[in-house]
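Structural description and commentary
One-letter residues, chain by chain:
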Amino acid sequence: MAVRPILEIAGLYKSYDETPVLEGIDLKVFEEELVFLIGPSGSGKSTLLRCCNLLETPQSGAIMLRGKNIEARPSQLNQTRQRIGMVFQSFNLYPHLSVQANITIALRLVQKKTKEQANEIALEHLDKVGLKHKADSRATSLSGGQQQRVAIARALALKPEVMLFDEPTSALDPELVMDVLNVMRDMKQDGMTMMVVSHEMRFAEEAADRVVFMDGGKILEQGAPSQIFHHPQHERTRSFVSRLGD
Ligand code: ADP
Ligand code: MG
């Protein structure tokens with residue numbers, strides 16, 4: 001029996017004005033897979049993730065979640081964003097709200113949970129990222145690493161089928177990076193399907209099932225982490241990988 005991808009990107013084109021940014025991306029992400037996206041700055045990695053989360057509209061191509069096109073219709077937008085969660089470099093928490101309220105707000109407004117249900121779900125997910133004791137703190141009183149773990153808990157509380165990460169540790173002090181990667185490692189172990197843009201190559205080597213190298217809006221090469229990092233086939237991949245860790 002053929003395995004069906006959870007997320008399938010087919011023939012995706014995106015340009016800003018006349019400038020092409022994605023030039024025909026085809027990518028399938030399978031159940032419980034962790035796909036790592038790497039490539040030079042400006043190669044279109046963020047744009048690709050943003051298209052999957054309906055933050056950008058491609059000119060052509062399709063994005064399918066479990067075989068059905070994702071839809072930007074207002075009535076479907078919230079539902080799609082619950083099913084495809086996204087975590088950004090800059091956390092994007094509501095600064096004036098408590099940690100717990102950051103998580104309960106979508107549960108209450110979008111999923112129509114009662115206050116009690118929402119609180120319970122929020123605490124359960126805060127516990128998973130080791131921050132239950134911070135539930136009543138103001139979001140901005142937390143460290144960057146803690147805020148990012150809250151952002152992850154917030155996305156997970158909506159029970160997504162796929163999680164997208166756009167450089168989740170790039171804004172963090174080095175000593176806080178590992179806490180966030182540990183949460184992502186736990187998610188992988190719990191069977192979450194993930195697509196991750198990150199420069200954390202050691203994490204990729206250990207946790208990724210597949211590494212995809214993008215350059216100039218195209219996928220140039222993909223394969224197992226050991227292949228891409230140690231035996232890249234394409235000259236551009238080779239030169240990119242050789243500069244990592246400088
Ligand atoms: P990456 O995440 O790989 O660094 P991006 O997807 O952010 O790449 O950007 C790809 C290209 O698209 C870059 O040249 C960038 O300048 C351009 N771009 C991204 N967002 C916009 C936008 N909103 N308007 C115009 N150009 C953009
Ligand atoms: Mg980017």
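Residues numbered from 1 in each chain as written. Chains lettered and ligands numbered in written order. Predicted model: local features only at pLDDT ≥ 70, side-chain atom pairs only at ≥ 80, totals over all residues. Heavy atoms only, no water.

**Some details on the site of ligand 1**
What counts here: Note on terminology: near, applied to a residue and a molecule or strand, indicates that one of the residue's heavy atoms is within 4 Å of it. Side-chain atoms alone can form a polar contact between residues adjacent in sequence; in general such a contact is a pair of N or O atoms within 3.5 Å, and within protein one must be able to donate a hydrogen while the other accepts it. Areas reported here follow the Shrake-Rupley algorithm with a probe of radius 1.4 Å; residue values treat only the protein chains shown as occluding. Comment: elements are numbered from the N terminus, with helices defined as DSSP H or I runs of at least four residues and strands as E runs of at least two. The residue classification treats Ala, Val, Leu, Ile, Met, Phe, Trp, Tyr, Cys and Pro as nonpolar and Asp, Glu, Lys and Arg as charged. All others, Gly included, are polar.
Around ligand 1 sit Tyr16, Val21, Pro40, Ser41, Gly42, Ser43, Gly44, Lys45, Ser46 and Thr47, and those are all the residues in its vicinity. In this structure, an oxygen atom belonging to ligand 1 sits 2.7 Å away from a main-chain N or O atom of Gly42. Separating an oxygen atom of ligand 1 from a side-chain N or O atom of Thr47 is a distance of 2.5 Å. When ligand 1 sits alone it has 560 Å² of accessible area, and the protein chains cover 55% of it. In terms of residue count, the dominant contributor to the shell around ligand 1 is helix α1 (residues 45-52) (three residues). Residues that form the shell around ligand 1 fall into these classes: three nonpolar, six polar and one charged.

**Here's the deal with unusual backbone geometry**
What is expected of a backbone is that most residues other than glycine have negative phi and most peptide bonds are trans. Stated formally: A simple rule labels every residue: compare its accessible area, found with a 1.4 Å probe on the protein chains alone, to the largest value its type can have, and call it buried under 20%, exposed over 50%, or partly exposed in between.
Here the phi dihedral of Asp17 falls at roughly 50 degrees; this positive angle occurs in a residue that is not glycine. Along the chain, Asp17 turns up in the loop between β1 (7-16) and β2 (19-29). For Asp17, a relative accessible area of 75% puts it in the exposed group. Of note, the phi angle at Leu54 is positive, near 65 degrees, even though the residue is not glycine. Inspection of the secondary structure puts Leu54 in the loop between α1 and β4 (60-65).

**A look at the pattern of salt bridges**
The criterion, for reference: Salt bridges are defined by distance alone: a side-chain nitrogen of Lys or Arg within 4 Å of a carboxyl oxygen of Asp or Glu.
A full pass over the atoms with the stated rule returns eleven salt bridges. Close ionic contact of Arg83 with Glu161 constitutes a salt bridge, the shortest N to O distance being 2.5 Å. Here the residue Arg83 occupies a position in helix α2 (residues 74-83), and Glu161 occupies one in the loop between α5 (144-157) and β7 (162-166), the gap between them amounting to 78 residues. What makes Arg83 partly exposed here is its relative accessible area of 26%. Between Asp209 and Lys188 there is a salt bridge whose closest N-O contact spans 2.5 Å. Here Lys188 lies in helix α6 (residues 174-189) and Asp209 lies in the loop between α7 (201-207) and β9 (210-215), a separation of 21 residues in the sequence. Its relative accessible area of 37% is what places Asp209 among the partly exposed residues. Here the salt bridges do not stand alone but share partners, grouping Glu31, Arg66, Arg83 and Glu161 into one network.

**Description of the pairing of strand β8 (residues 193-197)**
Put simply, the rule reads: Following DSSP output, two strands are said to pair if at least two bridges run between them. If the strands point away from the viewer and the path from the first strand over the helix to the second runs clockwise, then the crossover is right-handed.
The element β8 is largely enclosed, with a buried count of five among its five residues. By the bridge criterion, four bridges tie strand β3 (residues 34-38) to β8 in an arrangement that is parallel. Within the sheet, the bridge partner assigned to Val35 lies in β8 and is Met195. Relative to β8, β7 runs parallel, the two being bridged by five bridges. Note that in β8 the partner of Leu164 across the bridge is Met195. Where the polypeptide runs from β7 across α6 and back to β8, its parallel neighbour, the crossover connection is right-handed.

**Focus on the side chain of Glu167**
Note the cut-off: For this count, His and the chain ends are skipped, Lys and Arg are scored as positive, and Asp and Glu as negative. Two residues qualify as a contact provided that any one of their heavy atoms is within 4.5 Å of a heavy atom in the partner residue.
Inspection of the secondary structure assignment puts Glu167 in the loop between β7 and α6. Put simply, Glu167 is tucked away with no salt bridge, and the nearest opposite charge, on Lys45, sits 5.0 Å away. A distance of 3.4 Å separates the side chain of Glu167 from the side chain of His199, its partner in a polar contact. Setting aside its immediate chain neighbours within four residues, Glu167 contacts Gln89, Val197 and His199.

**Here's the deal with the sheet that holds strand β6 (residues 84-87)**
For clarity, the cut-off: Each axis is a line fitted through C-alpha atoms, taken for helices only over the stretch in contact, and angles between the N-to-C directions span 0 to 180 degrees.
With respect to topology, six strands assemble into an open sheet ordered β6-β7-β8-β3-β9-β10, the strand pairing being mixed. The open sheet has two edge strands with one neighbour each: β6 and β10 (218-223). Direction aside, the axes of adjacent strands within the sheet are offset by 20 degrees on average. With respect to the sheet, α6 is in contact with β3, β7 and β8, its orientation differing from that of β8 by roughly 150 degrees.

**Describing the pairing of β4**
Inspection of the sheet shows β1 paired to β4 by five bridges, in the antiparallel sense. When the bridges of β4 are listed, Tyr13 appears paired with Ser60. Sheet topology note: the β4/strand β5 (residues 68-69) ladder contains two bridges and is antiparallel. For Leu65, the partnering residue across the bridge sits in β5 and is Lys68.

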